[in-house]
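Coordinates in review
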Amino acid sequence: MNVLVACEESQAVCLAFRRLGHKAFSCDLQECSGGHPEYHFKGDMFDVIANRGGTLENGTKYFLDSCWDLVIAHPPCTFLAVLGARWYYHPDDKNLPIEQRRPHPKFPDRVKDREDAVQFFMDVSKIGVNKLAIENPVGIMSSRWRKPDQIIEPWQFGHEASKKTCLWLKNLPLLIPTNIVGKGVAGMFSALKLPRDKKIVIITKEDMRSSDSFLAQGGICVLRDENDYDSYFEDTMKAGHYENRKESVDIMIRGSRDIINDLVGYGVDFKMDGDDFAYTREGAHSRPRILYHEDITGKEISEKLLQQVLKLENVTILEYTTMQDILVENGKCTGLKAVSAEANRARLEAMEAGKAVKSQKEIQPGGEIQVEIYAQDTILASGGIGGRYEHSTNYPHLTGDALDIAKKHNVRLEHLDYVQIHPTTLYSKKPGRRFLISESVRGEGAVLYNSKKERFVNELLPRDVVTNAIREEMKKEGTDHVWLSMENIDKDTILNHFPNIYQHCLEEGYDITKESIPVVPAQHYFMGGVHVDCNSKTSMEQ
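For the structure given in this document, a descriptive report is provided here. (Residues numbered from 1 in each chain as written. Predicted model: local features only at pLDDT ≥ 70, side-chain atom pairs only at ≥ 80, totals over all residues. Heavy atoms only, no water.)

1. Re the overall build of the chain
Looking only at helices and strands, the chain features 14 helices and 26 strands. The C-alpha atoms of the chain give 30 Å as radius of gyration, which overshoots the globular expectation for 542 residues (24 Å, by more than 25%). Here the C-alpha coordinates of the chain stretch approximately 100 × 55 × 50 Å along the principal axes. Within the span of the chain, comprising 542 residues, buried residues form 45% of the whole. Considering only residue pairs separated by 6 or more positions, the chain has 63% of its internal contacts joining residues 24 or more positions apart. About 27,300 Å² of surface is accessible on the chain, with carbon and sulfur atoms providing 50% of the total. (Helix = DSSP H or I, 4+ residues; strand = E, 2+ residues; numbered from the N terminus. Rg over C-alpha atoms; globule rule 2.2 N^0.38 Å. Buried < 20%, exposed > 50% of the residue type's maximum accessible area, 1.4 Å probe, protein only. Contact = heavy atoms within 4.5 Å. Areas by Shrake-Rupley, 256 points an atom, 1.4 Å probe, with all protein chains shown as cover.)

What follows is the structure in structure tokens.
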């Protein structure tokens, strides 16, 4: 894109656009101070625009074949800003009507200078280019022309300064720093960890609680102490058939305690054993290192994170909003395209006005609004692929949209065949999502039987191994399920550790304290996806 940054001798904006791959040039009556005369037109901006170029400060002639794609102008603000108002009139006349006030004794031409500045500003606003952005401090142009399209502050974009800046825009979107696609644990945790001075938009295809994160029953693993590291590392590598990226495994393990501390700080209530956490064991782990909250750990974590996110004034949530594509310019992601529910219109209008949307009341689906949300950064936390399977523990709206979009833009994908089938979901002939029987149940002593009540597998082996064993047994016996028995778990443990599983099975006609339940493998987890490095950066440059 051909960009002209007018009234800018520092070249700060010009060079920022250059780093993004654009053909950007600065223009000012003064010599440049940014150190790149080869990118600077020293002269009148209107001439450079009309002539589509000119002679650069280093003597090179540069002309475009067509008009400038974008002009960003910084009209001199000395005579336009509110802060300079006290210098226009005599200090002794401050109580008189404006028409009776005398000029300031030190600056007798100040009023004329201001009118000249207003005219210059208006001339800039009439430039014949397709895309135009005019930047100025809060001042008189809001009343002399019109209100700005957006008011921002540098700290909203990571700069330490605090200074309100007005933007008048033509055929340009508003600036919104960060998009998060998805609202599970990953999306909400990201929003909570980002700086509070960033404006964040979270979009989700359904309501905020229709997330697989809310469905997770089993717990979350954590490094118990440094002596636990080697076995934890080996357990993880073994479960991944030693195909895991070792660097990622190390990051996960060493960061696990800090993550738990963060979750506790957000209000997550893990089961305690006196002054310490209560640890349980799950498949593939050689020792208990799983923290949990009854049998609804995912719901406990997700709900507490959601409550914290709802308190953030810098976060706007758009429910019933489906990402259709990412916006790409010069090979870099600049935001996303989506279709949003009609009920989000008020939130979208507030965003366009640069206002914080504090109300996060739930909305209803229906209607369609096409939206484009531009952002400095976009985070994909968009969930799994269960909606593509006939039988899955996932919500049906999770259909791997981000994979299709990434593939379209040649973003590297990885291990798309790494689809995990959970060994034990409650067998049912009813349509819809399968109910998960947590791995923690087997960790506490539940056993698997065939139709003859014979055990046929070590229940604590990794999920893929147990799944294959169940499928082989079903094939051998010609059945469509096997049986899970909790006869080795005392009734109090079942009722206290697995109350949700107990209640759901009871509703389906099974009392797990007295009888076995039919279980069948179902698609559960997706471990492939968009390739990222150790900092979660994709193969796209930005």
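2. A word on the environment of Gly218
Tracing the chain through its elements places Gly218 in the loop between β11 (200-203) and β12 (220-221). Exposure remark for Gly218: the relative accessible area of 18% places this residue in the buried category. Dropping the residues within four chain positions of it, Gly218 is found in contact with Glu282, Thr297, Ser438 and Ser440.

3. Looking at the nonpolar core
One finds Leu4, Phe41, Met45, Trp68 and Val71 to be the most contacted residues of the largest nonpolar core, which totals 27 residues. Going through the elements one at a time, β1 (2-6), β2 (23-28), α2 (45-51), β6 (70-73), α3 (110-125), β7 (131-137) and β9 (165-170) are the ones with two or more residues in this core. In terms of residue count, the dominant contributor to this core is α3 (five residues). Residue contacts for Phe41: discarding those within four places in its chain leaves Leu4, Phe25, Ser26, Cys27, Asp28, Val48, Gly53, Gly54, Thr55, Leu56, Tyr62 and Trp68. In this structure, Ala191, Met208, Tyr279 and Val315 belong to the second largest nonpolar core, which totals 26 residues. (Core = buried A, V, L, I, M, F, W, Y, C linked by side-chain atoms within 4.5 Å.)

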